[in-house]
Amino acid sequence: PDVAPAFWNYYADNVTWPAALPFSLDMLMKQYGDDAPMRKYYPNVKRWLEHLKYQYQKNGLIEKDRYGDWCVPPEREELIHSEDPARITDGTLISTAYYFYICQMMSTYAKAQNLHEDAKWFEHEAQISKDAFNKKFLTVKKGTTTVPGHILYPDSTFYGNNTVTANLLPYYFGMIDDEYVKHEVEKQIVKAIISQNLGTVTCGVIGIGWLMHALTDMGRSDVAWLLATNKKYPSWGYMAEHGATTIWELWNGDTASPKMNSGNHVMLLGDLLSWIYEDVAGIQSSENGFKHITMKPDFTVDEIDDIDASYQSIYGQIVSRWKKAKGKLHWHVEIPANTSATIHLPNNIIKEIGSGKYDFEETLPQRGPQV
């Protein structure tokens, strides 16, 4: 059901909401090294994907969606849902992207269980979904060069109707093979956040789940940090400034109609918390359950000077405590027993270490302005 336990009788066949099951199995694998849930519920996820293909796939696209990018910030303060088509991401785009992503995930799980025929099926489904997705939703006009470095169509490469979520899903899910397209999609996402929305959130429940990690992946942790610390509407900071002690369902939960607004809607928190300890503090699991740890903070954001973080893994506490002062980085790291780590320092310095406590000091590189 869409709501579990089924207090309300909502059983809308859908892609994004039931994706909570495979995503939960994936999280348990990566965070705790626990593959028992994956092995137990693998057949359920497989049957669900087969059902989606049988019922809703047409020309490689999954034409079934109920909720879209739920609760995208609306254009007027009293609205619950946006009425502006320019803000609304196509439901088939969302469903097909999620179907692709989960098929890729299931291919990995099938191989882990030596289910090679299953793995081939999932890989085939992922490929036809990606091909159909790009054929349907990608707009590319590279333009012609009339002056060195000048392109006639600077804003003409994007997905769907060019919302952040429409561009974000194929970018983060790995549906873009062309480097030109990937670079242009990155620019569209940053432009929408900075130029069009003045450094505020533009996504609903679906897009916000991938936004912060994606910005860091494209080298724009500065934009992610702006979103994380912003107090203007719409933002998490706006909620906190206006009395929220939990996450609202609506970005404008203090002004919208009270007909619908959960006061504890944790999914609108998106990937903020995992981004803080994985990308800002730099504590990531590179082998299921943190048996091997990747320590790779982003030291480039000027506004971040002092981070003190820890994560209680199944092997013990992992610590990343770093501070920037007078052009130097001072970084204290603690790695628990029976694990190892890859440490990424400034100036492209990479070290392999075992368990123990370490202190590093490096000169920070000079950075030019972001554009």
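Everything here concerns the structure above.
Residues numbered from 1 in each chain as written. Predicted model: local features only at pLDDT ≥ 70, side-chain atom pairs only at ≥ 80, totals over all residues. Heavy atoms only, no water.

Asker: Summarise the overall build of the chain; cite the residues concerned and give the values.
Answerer: A count of helices and strands for the chain gives eleven helices and ten strands. In summary, the chain has a C-alpha radius of gyration of 22 Å against a globular reference of 21 Å for 371 residues, a match within 12%. Its C-alpha atoms put the chain at 55 × 55 × 50 Å along the principal axes. Classification of the 371 residues of the chain by burial places 49% in the buried group. Across the chain, the fraction of contacts at a sequence separation of at least 24, relative to all contacts at a separation of at least 6, is 60%. (Helix = DSSP H or I, 4+ residues; strand = E, 2+ residues; numbered from the N terminus. Rg over C-alpha atoms; globule rule 2.2 N^0.38 Å. Buried < 20%, exposed > 50% of the residue type's maximum accessible area, 1.4 Å probe, protein only. Contact = heavy atoms within 4.5 Å.)

Asker: Can you tell me about the packing of helix H3 (residues 91-112) against helix H4 (residues 116-137), naming the residues and giving the values?
Answerer: Running from N to C, H3 and H4 cross one another at 155°; their axes reach a closest spacing of 8 Å. As judged from the angle between their axes, H3 and H4 are roughly antiparallel. H3 and H4 meet at a crossing whose hand is left-handed. For the pair H3 and H4, contact is made by Thr92, Leu93, Thr96, Ala97, Tyr99, Phe100, Cys103, Gln104, Met106, Ser107, Ala110 and Lys111 and by Asp118, Ala119, Trp121, Phe122, Glu123, Glu125, Ala126, Ser129, Lys130, Phe133 and Phe137, respectively. Taken together, the residues that form the contact of H3 with H4 break down as 13 nonpolar, five polar and five charged. (Axes fitted to C-alpha atoms, helices over the stretch in contact; angles between N-to-C directions. Parallel < 35°, antiparallel > 145°, perpendicular 65-115°, else oblique. Left-handed = near helix turned anticlockwise from the far one by under 90°. Nonpolar A, V, L, I, M, F, W, Y, C, P; charged D, E, K, R; others polar.)

Asker: Requested: an account of the environment of Trp70, with residues and values cited.
Answerer: On the secondary structure map, Trp70 appears in the loop between strand S2 (61-62) and H3. Separated by 133 residues in sequence, Trp70 and Cys203 have C-alpha atoms that sit 8.6 Å apart. Not counting the four nearest positions on each side in its chain, Trp70 is found in contact with Trp17, His81, Gly204, Val205, Glu249, Met260 and His265.

Asker: Pulling in residues and values, what's your account of a nonpolar patch on the surface?
Answerer: Taken together, the side chains of Met27, Tyr32, Ile314 and Tyr315 make up a nonpolar region of the molecular surface, amounting to roughly 380 Å² of accessible area. Here Tyr32 is to be found in helix H1 (residues 20-32). (Patch = residues over 30% accessible without salt bridge, like charges linked within 9 Å, V, L, I, M, F, W, Y side chains within 5 Å. Areas by Shrake-Rupley, 256 points an atom, 1.4 Å probe, with all protein chains shown as cover. Salt bridge = Lys/Arg side-chain N within 4 Å of Asp/Glu carboxyl O.)

These figures capture arrangement, not role.
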